[in-house]
Amino acid sequence: MMASSYTAKEEDGHHSGSAAAGGPGSSKSKKPDNTAFKQQRLPAWQPILTAGTVLPAFFVIGLIFIPIGIGLFVTSNNIREFEIDYTGVDTNSPCNRCSQTYSWNISCTCSVPFSLEQPFESNVFMYYGLSNFYQNHRRYVKSRDDSQLNGDKSSLTNPSKECEPYRISEKKPIAPCGAIANSLFNDTLELYYIYPNGSRTLIPLVKKGIAWWTDKHVKFRNPPGNNDNLTITFQDTTKPVNWHKPVYELDPNDPDNNGFINEDFIVWMRTAALPTFRKLYRIIQKNKDNMTPTLPRGNYSLEIAYNYPVRSFDGRKRMILSTISWMGGKNPFLGIAYITVGSVCFFLGVVLLIIHHKYGNRNNNADIPN
Amino acid sequence: MLRRRINLLFGGDEKRVDSRTIYVGHRPCPATEAFIPPKFCDNRIVSSKYTIWNFLPKNLFEQFRRIANFYFLIIFLVQVIVDTPTSPVTSGLPLFFVITVTAIKQGYEDWLRHKADYEVNKYPVIVLEDGRSIRKESEKIKVGDIVEVVEDETFPCDLILLQSTRDDDTCFVTTASLDGESNHKTHYTVPDTEKDLQSLNATIECEQPQPDLYKFVGRMHIYKTDQEPAVRSLGPENLLLKGATLKNTKKIYGVAVYTGMETKMALNYQGKSQKRSAVEKSINAFLLVYLCILISKAVVCTTLKYVWQSQDGQDEPWYNEKTQKEKDTYVYLKMFTDFLSFMVLFNFIIPVSMYVTVEMQKFLGSFFITWDKDFFDPEIQEGALVNTSDLNEELGQVEYVFTDKTGTLTQNNMEYIECCIDGFQYRNSDSMSELDGFCVTDGPVSKLQQKAGRDKEELFLRALCLCHTVQVKEAGPDEIDSDQVDGLVSELSQPDEQRGFIASSPDEVALVKGAMKHGFTFLGLENKSMKIRNRENNVELYDLLHVLNFDPVRRRMSVIVRSKSGETLLFCKGADSSIFPRVRQEEVDRIRMHVERNATEGYRTLCVAYKQLSPEEFAVADAGLRDARLALQDREEKLMAVYNQVETSMSLIGATAVEDRLQEEAAETMEALQGAGMKVWVLTGDKMETAKSTCYACRLFQRGTELLELTVRTLEDGGRKREERLHELLLDYHKKAVQDAPPVKAGVTRSWSTANQEYGFIVDGATLSLVMNPSPDTNSSRYKSLFLQICQNCTAVLCCRMAPLQKAQIVKMVKNSKGSPITLSIGDGANDVSMILEAHVGIGIKGKEGRQAVRNSDYAIPKLKHLKKLLLAHGHLYYVRIAHLVQYFFYKNLCFILPQFLYQFFCGYSQQPLYDAAYLTMYNICFTSMPILAFSLLEQHIAIEYLLDNATLYREIAKNAMLKWGPFLYWTVLGIFQGLLFFFGVKYLFSNPALQDNGQVFGNWSYGTIVFTVLVFTVTLKLALDTRHWTWINHFVIWGSLAFYVFFSFFWGGIIWPFLKQQRLYFVFANMLSSVSAWLVIILLILLSLLPDILLMVFRKPRGPHARQMKRRLPSSGTSTIFMLSQTTSTHSFSWSD
C-alpha cells in the first residue's frame, strides 16, 4: 500500500527520482528488457515423473536396499552382546542388599556371577546402562557450565547460574558444577574370569578411548595452572555434593585422565537422548596373540562397588558387554528396515508395472478419439 | 475528516465552516471592519509518514498492529520473562529480522518521500509582496499570497488566476500529472480584475478544500475605492491546480487559495482501501487450524507432564533437584508457565518467515508483470503497471469479469462515419475534394433530390462546428499568426487531418473532423468568439455566450452563440434518449430510424438540435446561468435546473454516427476468458443497440445465443405497470435460464457444450434500478435474487445505460452473492473508477480517457488483449506458486515441530528442545527458505504458451482449488507422516546409541541433529520433486541450501563459540557423519518419506503439455533414472514430443 501511494506521489511531476519500490519501472516508458529472466524464459530442466520413469527406480532401490539390509542384519546378528541387570530388585539377587541399605557414604560391594555361552572375539566394549533415568530432562540438560569445563578460570570460581541448585556448596563454588556432574555415575565395575577350577583372574579394563576425541582434547580442559598438582588449581572450589572425592582425585594415578578431562566424567557429561541409555565404561582389548578370544566362554563374576542409587526413581542398572562392528553396536532395526523398504519398493515396482500396463493401455485408447 | 480537523484547529469561527475567506495579497478590505488574518496551513507538502524522531516508535507500533507480528512479539516476551526451553534469541532473531527488513523498506520509501517533499517544498517561487517580487521557498507560500508562475513550471499550490500575459486573459495548463490528460486546458482570469495587482483589493470566498479535481465554487469580491464591491463567480476554470503545468503562456499571477496538504492534489493522494486476496483468507484459516494444533499440543503436554510428575519419584529425582525458585513457585502459576513454555517450544509451527516469504514473493513476483514485454505497447511506450502486489494470485481466481465497453472493448478511437440531416443520410466519402457540396448519399437513394435543403445542411454543419469544447492545438504563437495571415493557403496545403484538435472526449474531435470533411472547418476560439470557415472559404465568427457543459446525467451539451447577424442560437447535441424528449415530436420519427439503424451497426450516435433564442429568452437564460454560476451552494443543482429549462422545445436537425472500432484481439480475449470459465459482463453507459452489436462483434453473444432482454422497452411492451411486467419477465427468464437448464457439468468447456442453449442477458440502467431499488411494497429481495440467478446462468450479461455508480452496484451485488465469487473490473475511464475500486481486482486500461482508472486500479495494462495473458498465464502461475508456497510452509513446519513434540514423551515433558537453538532459528530463515522462494517465483508447472493456448486449464485452479481443505489435509497428513517417521526412525536407531565403530555413544544432540538432517534434506527434496521447471536458479538454491546446511553444521560444530553458554553441538555433526549407521538411517528415512509423494505423482493423471508425450514415452522407457530430465528451454517445451 505504502509503495503504491508513493508511486502516485512520484507521478506528480515534481521530480523524477528513482522508481519507487511498489511500482517497479512504472513511470518509465522504457520497453522492458527482453532478457530470459525477466520474460520468465530461463532455460529449464523439466523433470517428468511418471510410472514409466519411476518404475525402474523402484526396482533399483529394491535391488540396492535388500542386499544392504541383509548385510546389516547379518552384521548385527554377528555382534555378540551380553547384558546383565545388577540393580538388585529381586530379593534373591546379589545386589539386593546394597540397593536397599543404600547410603551415600557407605560403600557396598556385591558380585554378580554370569556365564558367557559364546566367546567374544576382538575388542569387547563394556557399557553401563541406566533405565528410567532422564538425562534428557531439560532442567538436567542445561545444568552445566561448559566454559568451566573448558578450563575458564573465572567460570571455575563463579559458575553459571544454570548450575543451580548445584552451584555453590558450603559457600564455595562447585567444580564441576551442575546436576549432570553432580550425578556422575560412580559404581565401579570389575570383571573376573572364573576358571573352571574356581580360581579367578581380573580382566584388564582399559579406560581410555571411551570419550569422543574432540571432547577429551578440546571441549574439556582443566583450568590453567600446575597440571601435576590439580589440588592447587581447584583449591577455591568444592566437590559436588554427591561425590565422594573431589574432581582432582578422579584418577590420581594418571594426570591425563584427571580433573575435567577424566574420560568417565566426559562420557557422563554427554547427555543421553532417551531415558533408557547405555554409556561406554571400559574397553577390553583383544589379546595380543590373537589366538584366544578376548572373552572366552565360561563363567565370570562382575564385582560392583554399589554406589549409585536408582531405586528411588524406579530405575535399573545394567552392565553390557558387546563387540562392535563397522555399523556400531548390535541393532537389528537398520537391517530389518532396509530389507522391508527394499522389499516394499520392489513390490511396488511390480504392482506399478501391472497397473501401469493396464492403465497405460487404457489411456492410449482413450486418446485416440481426440 | 480533514475538514473537521481544520475546523477544530482554526475553529470557533462559525462562518468558515463551509467556506473560507481569503484576502488577496493580505490586504484588509474596507468591508470588513476588523481584519483578522485567517490562519491556514502552510504550503508544506508532507507525504512522508515518519520523522527521524518518531520513526522508531511509530513504525514499530504500525508493525505490531499486524496480528502475526504481535503474536510473535508475545511469544518473544514470554521467552524473555518465563523460563522457557529455547532462548529468546530463537524467536527474537527472526522477528527482529522481519521487523528490521520491513522497517528498512518502509524507512527507505519514506526517505524517498522526504526527498520528494523536500524537493517540492524547497522549490523556489516568486511571490509578490508589497510590489516587489520576492523569491521564496515553495513551502513558505501562505494562503492569500500572490504567486508568479512562468511557462513550463508547475503551480506550487492551488491558485486563482488573476492575470495572464496572454491577451485574451487565458492561460493554458496541462494536467498530465494529475489525471493524465495531456491536452492543454484553457483557464480564465477572473473577469474585470484590475491590471495592477498592487492596487487590487479583493477577498475570495470559496469552499473548504475538497478532493474533487473538477469542482470548485467560489466568489470574489472586488473592492474599488469608490464603487460598490463587485462580485465575480469563480469556477474550476479559474482555479489552477497544484501539480499542473503552465503551457504556452509566459507568465501568470495567481492568488493562493489552497496550500500544502489542503491542495486538491494532496487531498487526492489519500490511500485506497486495502484489498485482501482469497489466498490470504485461506492462510488465516490454516493459521487458525495450526494455532489449534499448537494449543492442543501444549495442553496435552502440560496435562501429561503433571500426570507423569504425580508418579512417585519422577518429579524430582535425587539427581535432578529443582532450584529454590522453582520450589517456591505456586503450582498453578507453574502450570501456566509450563503451558507457555510448551507454546514457545512448538511455536515454530506458525512460522514468522512465512509472512516474510509471502510478502517477498508477492513483491518480487509483481516485477514479472511489469517486465513482461508482451504487455508493452509501442503506441504509448508503456508496459503494464502494478499498483499493488497483494493481489497477484487473485488474478488466477477470477470468476466474473466486468468490462467497460468504450475504450476497453472498443478502441475509443472515434471515426466519423455518416450523418443524417433531416432524415436524409449522408455517408462520408473519403474524397476531400467535395468542398462544394455533399452529393454522395447512401447508395440506393443517391438522388440529388433526396438531399436535405442546403440551409438545413449548413445549419447542421455549423452546429457540428460550434457545439463542442474542442480546442485547436497550437504549436506556438507564430503558427497562429501565419495561420491568420495566409490561413487559406496553409490550410489547403496541409491535409486537414494534420490539424490538431484537443478535446476531453474523442467523439467531439471526430465530429469536428467530420464537419471538416463536409467543408466546415473549425478554426479556433479567440476572444470568446468561435471562428469557422464555411464551404465558401469565408470565415464566420460567432460569439460564444455560454457553454452548457456535458455531463453523464444529462447526456448532452449545448452552446449558446450569437452570430454576426445578431441571432442568438442554441445548439445542442446529445444522446438520442436525452434529445428526443426535448424536440418537436414530428421531427423525431424521421431521424429515429437512422439512429437506430446506426446503433445496431455498432456506431455511436448523437443527435443534434438547435433553437433560436429570442432576446427575451436569452436574457432570461443568461441571467439564470449567471446566477447559478455565482451560487456558492448547490451550484450544480441550480445549473442543472437552468440547463434543463433552456434546452427545451428545440428542433432536431440531424444525427451523427461515429464508429468506435473494437480493440485488437477483443474477440479472442473474450473467447479465452469465457473458455477459462469466467463470466463476462459488459457494463456500459452506451445505448443497448450499440452495446449489443459490440457484444456480437466480441463474440460474447453468438448466433445461437438466446437473448433475454430486460429493458425499458420490454417492460413497456405489455402496456401494464412496469413492476408487474418486471415480475413476470423475471419469473419467465428464471424458468428458462435457471430451472430448465440442465445442471452444468464441471469441466465442460463452453465451446463444446453446444447441446445446451446459451443465454445472453440484457438489462438497462432504468430496469436495473427498478430491480435493485424497487418500491417498498413489492417483494424486493426476491427480484434481486431472481435477477442474480438469471445472470449467473447466462454466458454473457450486457448492462447498458449504466451510471457509474450502478456499475459498482452490480459488481457489489455479484461480489456479495452466494459463494462470494472473485470479481474483476476492467475499464479505462473515470466512469469505471467506482467499479474498479469495488471489484476484487481492478484493472485499468491506459486508454485515452485520462489516468483516473489507471491510478485507481490494482493493475494497469495498455490494451484489453493483455488481459488474457495477465489472467491465464500470470494469474494462473501466481496462484499455483503462492498456493504451493503456503501449503509447503505449513507442511515443512509441521514435520519440523512434530518430532520435537514427540520428544516430550521421552524427556519427561520437560520442554527439552530436540534441536539445537541454532537449528531452530536457522531452519526457516536459511536452510529451507530460499528454495521455496525461488520456486514460488520461477515455477511454471505448465508452460506459459500452453496456458495461453488452453484457456480451460484456468478452470482447474478455480475456486481456490489448491488451498481447499482437501489439499491442506494432504499436506498436513504428509507432514505428520514424515514427522513421525523422522522421530521414530531415529528413535529405533538410538535403542542402541553405540553407533560408531569405536563403540562410543551418541547423546541427545546427536539424536536431534540426525532428525534435523533428515528433515532438511527431506523437505528440500520434496520441493525438488514438486519443481517442474528447473532453472539454474532452482538448482543453485536447492543444492546450495543443502550444501549450506552441511557447511554450516560443520562450522557451527567446529568451533568453541565463546559467546555460547553451552557447546552443545561441538563436533556433533562431524561425529554423526563418521557413523555409517547414521548415514544409512538418513538415506533410508529420506527415501521413505518421499515415497508417498513419488507414488502419488505416478498415479496422478499427468497434466499439461507433457501429458501426451509422456504417454507415448511410457512403454519404451527403460531408463533407470528417477527423473527424466530434459534440458530444454521453456519456449521449446513442446519440442520434446516427437
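A quick note: this is a predicted structure, and the numbers were derived from the prediction, not measured. The numbers attached to residues start from 1 for each chain and follow its sequence in the written order. Whichever chain is written first becomes A and whichever ligand is written first becomes 1, with later ones labelled in order. Where totals are concerned, whole chains, interfaces and linings use all residues; where local detail is concerned, this predicted model gives features only for residues with pLDDT of at least 70, and gives and counts side-chain atom pairs only at 80 or more. Processing note: side-chain calculations cover all non-hydrogen atoms of the structure and skip hydrogens and water entirely.

1. Side note on the side chain of Q1063 of chain B
Right, so step 1: The helix and strand labels rest on DSSP assignments: H or I over at least four residues marks a helix, E over at least two residues marks a strand, and numbering proceeds from the N terminus. By the secondary structure assignment, Q1063 of chain B is in the loop between α36 (1032-1054) and α37 (1068-1073).
Right, so step 2: Only protein chains enter the accessibility calculation, which uses a 1.4 Å probe; a residue whose area is less than 20% of its type maximum is buried, one above 50% is exposed, and one in between is partly exposed. Classification of Q1063 of chain B by relative accessible area gives buried; the value is 8%.
Right, so step 3: Whenever a nitrogen or oxygen atom comes within 3.5 Å of another N or O atom, the pair is scored as a polar contact, on the condition that within protein one atom can donate a hydrogen and the other can accept it, and that pairs from neighbouring residues in sequence are kept only if both atoms are in side chains. There is a polar contact of 2.8 Å between the side chain of Q1063 of chain B and the backbone oxygen of W1057 of chain B.
Right, so step 4: Note on contacts: a residue pair qualifies if any of its non-hydrogen atoms lie within 4.5 Å across the two residues. If sequence neighbours within four positions are ignored, Q1063 of chain B has contacts with D146 and K219 of chain A together with I1055, I1056 and W1057 of chain B.

2. Points about the packing of helix α30 (residues 917-927) of chain B against α36 of chain B
All names here are of chain B.
Right, so step 1: For helices, the fitted line uses only the C-alpha atoms of the stretch in contact; every axis is such a line through C-alpha atoms, and the angle between N-to-C directions lies from 0 to 180 degrees. Remark: α30 packs on α36, axes separated minimally by 12 Å, with the N-to-C direction vectors making an angle of 155°. Between α30 and α36, the angle is such that the two are roughly antiparallel. Between α30 and α36 lies a crossing of right-handed hand. For the pair α30 and α36, the contacting residues are A918, Y919, M922, C926 and F927 in the first and S1041, F1044, Y1045, F1048, S1049 and W1052 in the second.
Right, so step 2: We call Asp, Glu, Lys and Arg charged. Ala, Val, Leu, Ile, Met, Phe, Trp, Tyr, Cys and Pro are nonpolar, and the rest, Gly among them, are polar. A class-by-class count of the residues in the contact of α30 with α36 yields nine nonpolar, two polar and no charged. When describing relative orientation, an angle under 35 degrees is termed roughly parallel and one over 145 degrees roughly antiparallel, while 65 to 115 degrees is termed roughly perpendicular and anything else oblique. Each crossing gets its hand from how the near helix is turned against the far one by less than a right angle, where anticlockwise is left-handed and clockwise is right-handed.

3. Let's talk about the pattern of salt bridges
Residue and element names in this part refer to chain B.
Right, so step 1: By definition, a salt bridge exists where a carboxyl oxygen of Asp or Glu is found within 4 Å of a side-chain nitrogen of Lys or Arg. For the coordinates displayed, the defined rule picks out 52 salt bridges over all chains.
Right, so step 2: Across the pair K251 and E148 runs a salt bridge whose closest N-O atoms are separated by 3.8 Å. Residue K251 is found in strand β13 (residues 251-258), and its partner E148 is found in strand β4 (residues 146-150); the two are separated by 103 residues along the sequence.
Right, so step 3: Owing to a relative accessible area of 29%, K251 belongs among the partly exposed residues under this scheme.
Right, so step 4: The network of salt bridges with common partners includes D42, R44, K122, E137, E139 and K140.

4. Quick look at the domain arrangement of chain A
Right, so step 1: Domains assigned within chain A are domain 1 (51-67 + 334-359) and domain 2 (80-324).
Right, so step 2: Taking only C-alpha atoms, the centre of domain 1 of chain A and the centre of domain 2 of chain A are 47 Å apart. The start and end points of each domain follow an automatic or database-based domain assignment.

5. Here we look at the environment of T201 of chain A
Residues and elements named next belong to chain A.
Right, so step 1: As for its position among the elements, T201 is in strand β8 (residues 200-202).
Right, so step 2: The class for T201 is partly exposed, based on a relative accessible area of 29%.
Right, so step 3: Residues T201 and E249 lie 48 residues apart in sequence; the distance between their C-alpha atoms is 27 Å.
Right, so step 4: Residues within four places of T201 in sequence aside, it is in contact with L191, Y192, Y193 and Y195.

6. Focus on helix α20 (residues 666-675) of chain B
Residues and elements named next belong to chain B.
Right, so step 1: α20 sits mainly inside the fold: eight of its 10 residues count as buried.
Right, so step 2: Within the span of α20, buried status applies to A666, A667, T669, M670, A672, L673, Q674 and G675.
Right, so step 3: Phi turns positive, to about 90°, at G677, one or two residues after α20.

7. Describing the UniProt feature "transmembrane region" (unreviewed entry) in chain B
All names here are of chain B.
Right, so step 1: UniProt positions are given in the numbering used here, feature names are shortened, and annotations may be inferred rather than shown by experiment. According to UniProt, the positions carrying the feature "transmembrane region" (unreviewed entry) are residues 64-82, 285-308, 339-358, 968-990, 1005-1024 and 1036-1057.
Right, so step 2: Split by type, residues 64-82 is 84% helix and 0% strand. Its first and last C-alpha atoms lie 21 Å apart.
Right, so step 3: Here residues 1005-1024 runs as 100% helix and 0% strand, with 28 Å between its end C-alpha atoms.

8. A closer look at the domain arrangement of chain B
Buried accessible area, meaning the area lost when the parts come together, often serves as the stated size of an interface.
Right, so step 1: In terms of domains, chain B is made up of domain 1 (125-269), domain 2 (352-366 + 873-1100), domain 3 (385-409 + 663-737 + 758-861) and domain 4 (417-428 + 455-473 + 499-660).
Right, so step 2: Averaged C-alpha coordinates put domain 1 of chain B and domain 4 of chain B at centres separated by 31 Å.

9. Describing the side chain of E382 of chain B
All names here are of chain B.
Right, so step 1: Position of E382 among the secondary structure elements: in the loop between α10 (352-371) and β14 (385-386).
Right, so step 2: A relative accessible area of 13% means that E382 is categorised as buried.
Right, so step 3: Here the side chain of E382 touches K846 through a polar contact of 3.1 Å, side chain to side chain.

10. A closer look at the nonpolar core
Right, so step 1: Ranked by internal contacts, the top residues of the largest apolar core, which has 199 residues, are F114, F265, W268, L302 and L321 of chain A together with F990 and F1012 of chain B.
Right, so step 2: Per-element accounting of this core gives the leading share, 18 residues, to helix α29 (residues 866-904) of chain B.
Right, so step 3: Every residue in contact with L302 of chain A, bar those within four places of it in the chain, is listed here: I84, Y86, C110, S111, V112, F114, M126, L189, E190, L191 and M319 of chain A.
Right, so step 4: Listed in part, the 60 residues of the second largest apolar core include V682, F701, V841 and L864 of chain B. Among buried residues, those of type Ala, Val, Leu, Ile, Met, Phe, Trp, Tyr and Cys that are joined through side-chain atoms within 4.5 Å constitute a nonpolar core.

11. Describing the state of the cysteines
Simply put, the disulfide is a covalent bond whose two ends are the sulfur atoms of two cysteines.
Residue and element names in this part refer to chain A.
Right, so step 1: When the sulfur atoms of two cysteines come within 2.5 Å, that pair is taken as a disulfide. Under the definition given, this model contains three disulfides over all chains.
Right, so step 2: Across the disulfide, C95 is cross-linked to C110 (sulfur-sulfur distance 2.0 Å). Taking the sign of the S-S torsion, 85° for the link of C95 and C110, the bridge is right-handed. Placement of the pair is C95 in the loop between β2 (81-85) and α3 (96-100) and C110 in strand β3 (residues 108-116), with a sequence separation of 15 residues.

12. Focus: a nonpolar patch on the surface
Residues and elements named next belong to chain A.
Right, so step 1: By definition, no residue in a patch forms a salt bridge, and every one has over 30% relative accessible area; like charges are joined within 9 Å, nonpolar side chains (Val, Leu, Ile, Met, Phe, Trp, Tyr) within 5 Å. With residues, only the protein chains shown are counted as cover, and all accessible areas are computed by Shrake-Rupley using a 1.4 Å probe. On the surface, L63, F346, V350, L353 and I354 cluster together into a nonpolar patch covering about 430 Å² of accessible area.
Right, so step 2: Turning to its location among the elements, L353 is positioned in helix α11 (residues 332-367).
Right, so step 3: What makes L353 partly exposed here is its relative accessible area of 44%.

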